[in-house]
Amino acid sequence: MNRRAIREHVFCMVFQKDFYSSMDLPEQYELYLEELQADQKEKEILMERALHVVNLSEDIDKEIDAASESWRVARIGKVDLAILRLAVYEIKYDDRIPIGVAINEAVELAKKYGGERSYGFINGVLAKFAKEIEKTEEK
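What comes next concerns the included structure.

### Let's talk about the overall build of the protein chain
- When its secondary structure is counted, the protein chain shows seven helices and zero strands.
- In terms of overall dimensions, the protein chain is globule-like: its C-alpha atoms have a radius of gyration of 14 Å, near the 14 Å expected for 139 residues.
- For the protein chain, the spread of C-alpha atoms along the principal axes amounts to about 40 × 30 × 30 Å.
- Of all intrachain contacts in the protein chain linking residues separated by at least 6 positions in sequence, the fraction that spans at least 24 positions is 64%.
- Put simply, the protein chain shows about 8,100 Å² of open surface, and 49% of that area lies on carbon and sulfur atoms.
- Across the protein chain, 21 positive and 28 negative side-chain charges occur, with their mean positions spaced 6 Å apart.

In structure tokens:
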């Protein structure tokens, strides 16, 4: 499974966060992974990444709130929010993924799964977030 496919599956898993309790999510992820044509190592990677994003979602949502200005997390569509959560996670917590790649991949997910304006909104929020991260790193 390539990185894009992994990212897309993690997005699908993270999307479920707002529809299930935190107690039920691991079971829902197991059900999702049972249907997936992937080896055990790939399934472990997917589960680990999805759970990381979900476990950090409170902090990630604060970052999204700060970067999205007048759009609070509660107002953002569920698809866009899942894409943003995954991208912010990749930018802030995964050193293996360059910022530009995380943003580009988020935009591609938005084009595929979001509404007609999703990719522009996501690109703008992530660009602002990335600029703040870069300022912090320069200090």
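### Some points on a negative patch on the surface
- On the surface, Asp24, Glu27, Glu30, Glu34 and Glu35 cluster together into a patch of negative charge.
- Relative to the helices and strands, Glu34 is located in helix H2 (residues 25-34).
- Residue Glu34 is classed as exposed on the basis of its relative accessible area, which comes to 55%.

### Focus on the side chain of Arg49
- With respect to the helices, strands and loops of the structure, Arg49 is situated in helix H3 (residues 40-55).
- The class of Arg49 is buried, set by a relative accessible area of 11%.
- Of the polar contacts made by the side chain of Arg49, one reaches the side chain of Asp94; its length is 2.7 Å.

### Concerning the environment of Gln16
- Mapping Gln16 onto the fold places it in the loop between helix H1 (3-15) and H2.
- Separated by 66 residues in sequence, Gln16 and Ala82 have C-alpha atoms that sit 8.5 Å apart.
- Not counting chain neighbours up to four residues away, the residues in contact with Gln16 comprise Leu25, Gln28, Tyr29 and Tyr32.

### Some points on H3
- Along its 16 residues, H3 runs 22 Å from first to last C-alpha, staying within 8% of the 22 Å computed at 1.5 Å per residue.
- Of all the positions in H3, only Glu42, Lys43, Leu46, Met47, Arg49, Ala50, Val53 and Val54 are classed as buried.
- On its buried face, H3 sits against H1, H2, helix H4 (57-67) and helix H5 (78-93).
- Residue Asp39 occupies the N-cap position of H3, its side-chain oxygen lying 3.1 Å from the main-chain nitrogen of Lys41.

### What about the pattern of salt bridges?
- One pass over the full model with this rule turns up 15 salt bridges.
- Taking the shortest distance from any N to any O, the salt bridge between Glu90 and Arg7 comes out at 2.9 Å. Placement of Glu90 in helix H5 and of Arg7 in helix H1 is noted, with a sequence separation of 83 residues between them.
- Overall, the relative accessible area of 7% leaves Arg7 in the buried class.

### Regarding the nonpolar core
- Within the largest apolar cluster, 43 residues are counted, with the highest numbers of intra-cluster contacts made by Ile64, Ile91 and Leu126.
- Of all the secondary-structure elements, those providing two or more residues to this core are H1, H2, H3, H4, H5, helix H6 (99-113) and helix H7 (118-138).
- Looking at this core element by element, the count peaks at nine residues for H5.
- For Ile64, the contacting residues outside a window of four places in its chain are Val73, Ile76, Leu81, Leu84, Arg85 and Val88.

### Concerning the environment of Asp61
- Locating Asp61 in the fold gives a position in helix H4.
- Under the relative-accessibility criterion, Asp61 is labelled buried at 14%.
- C-alpha separation for the pair Asp61 and Val88, spaced 27 residues apart in sequence, amounts to 8.9 Å.
- Excluding residues that lie within four positions of it along the chain, Asp61 makes contacts with Val73, Leu81 and Arg85.

What counts, and at which threshold
Residues numbered from 1 in each chain as written. Predicted model: local features only at pLDDT ≥ 70, side-chain atom pairs only at ≥ 80, totals over all residues. Heavy atoms only, no water. Helix = DSSP H or I, 4+ residues; strand = E, 2+ residues; numbered from the N terminus. Rg over C-alpha atoms; globule rule 2.2 N^0.38 Å. Contact = heavy atoms within 4.5 Å. Areas by Shrake-Rupley, 256 points an atom, 1.4 Å probe, with all protein chains shown as cover. Lys, Arg positive; Asp, Glu negative; His and termini not counted. Charge placed at Lys NZ, Arg CZ, Asp CG, Glu CD. Patch = residues over 30% accessible without salt bridge, like charges linked within 9 Å, V, L, I, M, F, W, Y side chains within 5 Å. Salt bridge = Lys/Arg side-chain N within 4 Å of Asp/Glu carboxyl O. Buried < 20%, exposed > 50% of the residue type's maximum accessible area, 1.4 Å probe, protein only. Polar contact = N/O pair within 3.5 Å; in protein donor to acceptor, adjacent residues only side chain to side chain. Expected span 1.5 Å × (residues − 1). Core = buried A, V, L, I, M, F, W, Y, C linked by side-chain atoms within 4.5 Å.

These values are about where atoms sit, not about what they do.
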